[in-house]
Amino acid sequence: MPIDLGFFLRVLVFPGFIFLLALSLFCDWFERKLRARMQNRMGPSYAGPMGLLQPIADYVKLLTKEDIVPVQATRLLFTAAPVFALSLLVFTFCYIPIDGSNIILNSCFEGDLILVLVLITIAEFTVFLSGWASTNPYSGIGATRVLTQFLGYDIPLIVFALGPAFLSGSLSITTIAQKQAIPFIVLTPWTFILLVITLQAELGKDPFDIPHAETEIVAGYLTEFSGRRLAFIEIAKDVQVVLGAALVTVLFLGGPYGPVLFGPSALWYTFWFIVKMLAVIFLLEYVGSVAARLRIDQVVRANWRLMIPISLLSLALTIICAPLLSPLVG
Amino acid sequence: MTAVEEAVDHLRSELGKKIVECKILTPRRAYVLTKSGYHRDAISSLLVNSDQAGISAITGTDLGSEIELNYHIRCRGAIVTIKSTVPKESPQIMTITDLIPGAAFYEREVFDLLGVVFQGHPNLKKLVLPDDWPEGSYPLRKDWDAKEIEETTPNSGGQPAITNPLQTDGADSSVINVVMGPQHPALHEPERFSFKVDGELVLDVEPRLGYVHRGIEKAAERLMFFQDVYLVERICGICNAAHATCFSEAVESIGDIAIPSRAKYLRTVVHELNRIHSHLLLLGVAGYELGYEPLFQYAWRDREPVLDVIELITGNRIMTDYIIIGGVRRDLRPSIHDKIKSTMKKLKKQMKFYRNVFEEDPTVRLRTKEVGILKPSRAKELAVVGPVARGSGISMDTRREDAYAAYDEIPFDVITYKDCDSWARLMVRVEEIVESTEIINYALDHLPSGPYRVKVPRRQPEGEAVSCVEAPRGELLHYVKSDGSAYPYRVKVRTPTLANIISFRDIVRGSYIADIPAVLISLDPCFSCTDRMTFIDTGNARKWRWSLGDIRRLKTRS
């Protein structure tokens, strides 16, 4: 079998692994800078131009740090969970069309939306496992909070994600993105807003940063992690943010598709994808900046009493509207 | 008839011959010596007489052959000190915690530092000294020597005295023991709280103070009065002006020194600036504890101009060292009046924004409303002070009731909220900042001319004085006893946090883990104030001790 150089380049360099890592680090910087400016601070400014290299510097520093495993921790789980979480999330990107097509060409299939949602759920569960494996009271409470919170918002997240699927009549992420000549944010703005709020919880950002509320339970499930393992978890969290934003982009903002002015379309698609994604990240950071952290019982109550009925209502509304909107979808 | 005369008359009629001696030294201070064993009758009759009465502090003083206990009872702006003595060989006295539960920590402190056993105290354990401090070594006794602990081996059994509790109460129990501190992100100073939690619910808490106990009360006995002003300022960096004012007023009362009225106004200005920046700091920290980081950053940003103003007036940003016995250290230049006023104006405008945040923001309300309830009746029993009491609807403010500096000439409102929760305690502080800006403006407009200090001799006459000020965190009490030399015989400091922290157990029980920081911060605890010596880390095998000489050497160096 001849070695397909193009295939390897796509998987490893662009839009695969290296591009994804670079993108995650850039988004990390973007988030930090945004948050800092919203709080009237400078944010990263020393490493590289405008502090662009700060995330890289941080990871390099983490990699040089001592790696400690608590004596009582379940060693295998403690080691495997961070790696597993990162690889799951990176793998999920296979089904997101970044430059107009999937990382592995034509790997998209009818139903990959479901697969992606399942993978996200499993990745979240590995986070719980990592905390649980640490056998530390703070980690234990943090892990319990991860699971409690996650039970509440995972269902609404899936229901909201199904809205675009109904509109476009497809369960394939690429197809959904392609069918948005008019982005779905225009057609069903309510689902978009609710999805962003649910995503906020999924990503553990304010006001839902309960699992790692540092003033209550130190670093929550992260408390016992250090060095390489912590670096893995941190980078997995970065990738998770990018994935969340990417999901919103493909479901509601028309994915990578946008006007191609000149040159290769893949380049323009990547450009549009990143721009839309950064807009979503801006929105996420903004919501995070104007709210105080909620309490776990308040979140659970809000999820079961509000979010789930609202998500079902919104889905019903979308299904009712779908025939009316169908001339606009395409 | 003044409040203090009324109280003393009441005591005379109630107790009759059980009173040995009554002294009314100033219009708001009385000292009543009771026959041994009758202090309880005196205290309970004062408490019954007025519903505003509460205990401010208990001071133990080593008089040589006996230990004198001073119960400082505040009643309507006056402080009546009930004195009782116990023999030093067997220092035992009946507890008053059944009369007023708020005295629990004060009695423990005296037990800890002077070895007086309070019979009937529910939990007479160490409060500030380390758990492996040698038995029978009481640092505040006059015959105690630092060598005593350097030579004795601390309780050695190979087992460190402070250990972490087991993670659970048993294999089947769902109760988890969570230890917060001595190092914890929610605590900005080393202190330890051992919580019992079931799921997210807090069942109980046991606080342990003393990690930053520095022996300041003992050290103060070895410095001259004028030097002690700088020492007491270092009890707490944030409320240094309150400590300096309080100590200076106590010494001025002993020496019968009248300070110029310009100095009184300048003290007031610095004291209020102190309050503003302390409250802003707290509001910022509250934002951080609630996971509302922008609020934290904004409040601290707005605190900066206040610090600039303090620097303009005193030359320092935080540690002002401005107040001295007999007045203030330097005059206020008229050229900076405008700068101060414009800063106050901007700050007042900015406070509208913070009031809005606390009143309107739904997430802040969700986290602080109905959280950490402290009912007024319970607040009175626990004798809490300052914004904590005012947040429970109790209108008490030392500035109004026991006016010092220039507060008797300046109009201001005492802010109270009736909500009794964390939100109310934070709102009290928001409003107090606005009130403080008004006080500063008024003081600058009515600043009397004249000298700003008087010369004070180093030696002070024999005597004693209790001085109270309203520090940012509540009523601060200093008790100073002089034996006629240049050195104080005894200095006692009761910081507001010690009075307030006792309520923490009450208000946190039954709430959620997530509420712990929100509740704790609403008390604005300042442990470095509360602890005042000796560095012994009992958590592991490392132990080190600083003799008082070391502390003094360090102090002179810095």
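Residues numbered from 1 in each chain as written. Chains lettered and ligands numbered in written order. Predicted model: local features only at pLDDT ≥ 70, side-chain atom pairs only at ≥ 80, totals over all residues.

## Focus on the overall build of chain A
Thought 1: Along chain A, the regular secondary structure elements total 13 helices and zero strands.
Thought 2: Helices and strands in chain A line up, N terminus first, as α-α-α-α-α-α-α-α-α-α-α-α-α.
Thought 3: In terms of overall size, chain A behaves like a compact globule, its C-alpha atoms giving a radius of gyration of 20 Å where 330 residues would be expected to give roughly 20 Å.
Thought 4: Projected onto its principal axes, the C-alpha coordinates of chain A cover approximately 60 × 55 × 45 Å.
Thought 5: Classification of the 330 residues of chain A by burial places 50% in the buried group.
Thought 6: Long-range pairs, those at least 24 residues apart, make up 79% of the contacts in chain A with a sequence separation of at least 6. (Helix = DSSP H or I, 4+ residues; strand = E, 2+ residues; numbered from the N terminus. Rg over C-alpha atoms; globule rule 2.2 N^0.38 Å. Buried ≥ 20, exposed ≤ 12 C-beta atoms within 10 Å, placed from the backbone. Contact = placed C-beta atoms within 7 Å.)

## Notes on the domain arrangement of chain B
Residue and element names in this part refer to chain B.
Thought 1: What the domain assignment lists for chain B is domain 1 (3–142) and domain 2 (216–530).
Thought 2: In this structure, domain 1 and domain 2 have C-alpha centres spaced 26 Å apart.
Thought 3: At the interface, 22 residues of domain 1 touch 20 residues of domain 2.
Thought 4: If you list the elements that add at least two residues to the side of domain 1 that touches domain 2, you get strand 3 (54–62), strand 4 (66–75), strand 5 (78–87) and helix 3 (104–114).
Thought 5: Considering every element that reaches the side of domain 1 that touches domain 2, the biggest residue donor is strand 3, with six residues.
Thought 6: Of the residues that constitute the side of domain 1 that touches domain 2, the class distribution is nine nonpolar, 10 polar and three charged. (Domains from an automatic or database assignment. Nonpolar A, V, L, I, M, F, W, Y, C, P; charged D, E, K, R; others polar.)

## Structural notes on the sheet that holds strand 9 (residues 192–198) of chain B
All names here are of chain B.
Thought 1: With antiparallel pairing, three strands are arranged side by side in an open sheet as 8-9-10. Each edge of the open sheet carries a strand with a single partner, namely strand 8 (175–180) and strand 10 (201–208). If you compare each strand with its neighbour and ignore which way they point, the axes differ by 20° on average. (Pairing = 2+ DSSP bridges. Axes fitted to C-alpha atoms, helices over the stretch in contact; angles between N-to-C directions.)

## Overview of the packing of helix 9 (residues 293–314) of chain B against helix 10 (residues 337–360) of chain B
Residue and element names in this part refer to chain B.
Thought 1: Two elements in contact, helix 9 and helix 10, have axes whose closest approach is 11 Å; the angle formed by their N-to-C orientations is 160°. In terms of axis orientation, helix 9 runs roughly antiparallel to helix 10. Taken as a pair, helix 9 and helix 10 cross one another with a handedness that is left-handed. For the pair formed by helix 9 and helix 10, the contact residues are Leu295, Asp302, Pro305, Val306, Val309 and Leu312 on the first element and Lys339, Ile340, Thr343, Lys346, Leu347, Gln350 and Val357 on the second. (Parallel < 35°, antiparallel > 145°, perpendicular 65-115°, else oblique. Left-handed = near helix turned anticlockwise from the far one by under 90°.)

## Section: the interface of chain B and chain A
Thought 1: Facing 28 residues of chain B, the contacting portion of chain A comprises 24 residues.
Thought 2: When contributions to the side of chain B that touches chain A are tallied by element, the ones reaching two or more residues are strand 8, helix 8 (261–289), helix 9, helix 11 (362–368) and helix 17 (515–522) of chain B.
Thought 3: If one sorts the elements of the side of chain B that touches chain A by residue count, helix 9 of chain B sits on top with five residues.

## Focus: the packing of helix 1 (residues 5–13) of chain A against helix 2 (residues 17–38) of chain A
Residue and element names in this part refer to chain A.
Thought 1: It is the contact of helix 1 with helix 2, at a shortest axis distance of 3 Å, that shows an interaxial angle of 20°. On the basis of the axis angle, helix 1 is roughly parallel to helix 2. Of helix 2, the residues touching helix 1 (which contributes Val11, Leu12 and Val13) are Phe17, Ile18 and Phe19.
Thought 2: Across the contact of helix 1 with helix 2, the residue classes break down as six nonpolar, no polar and no charged.

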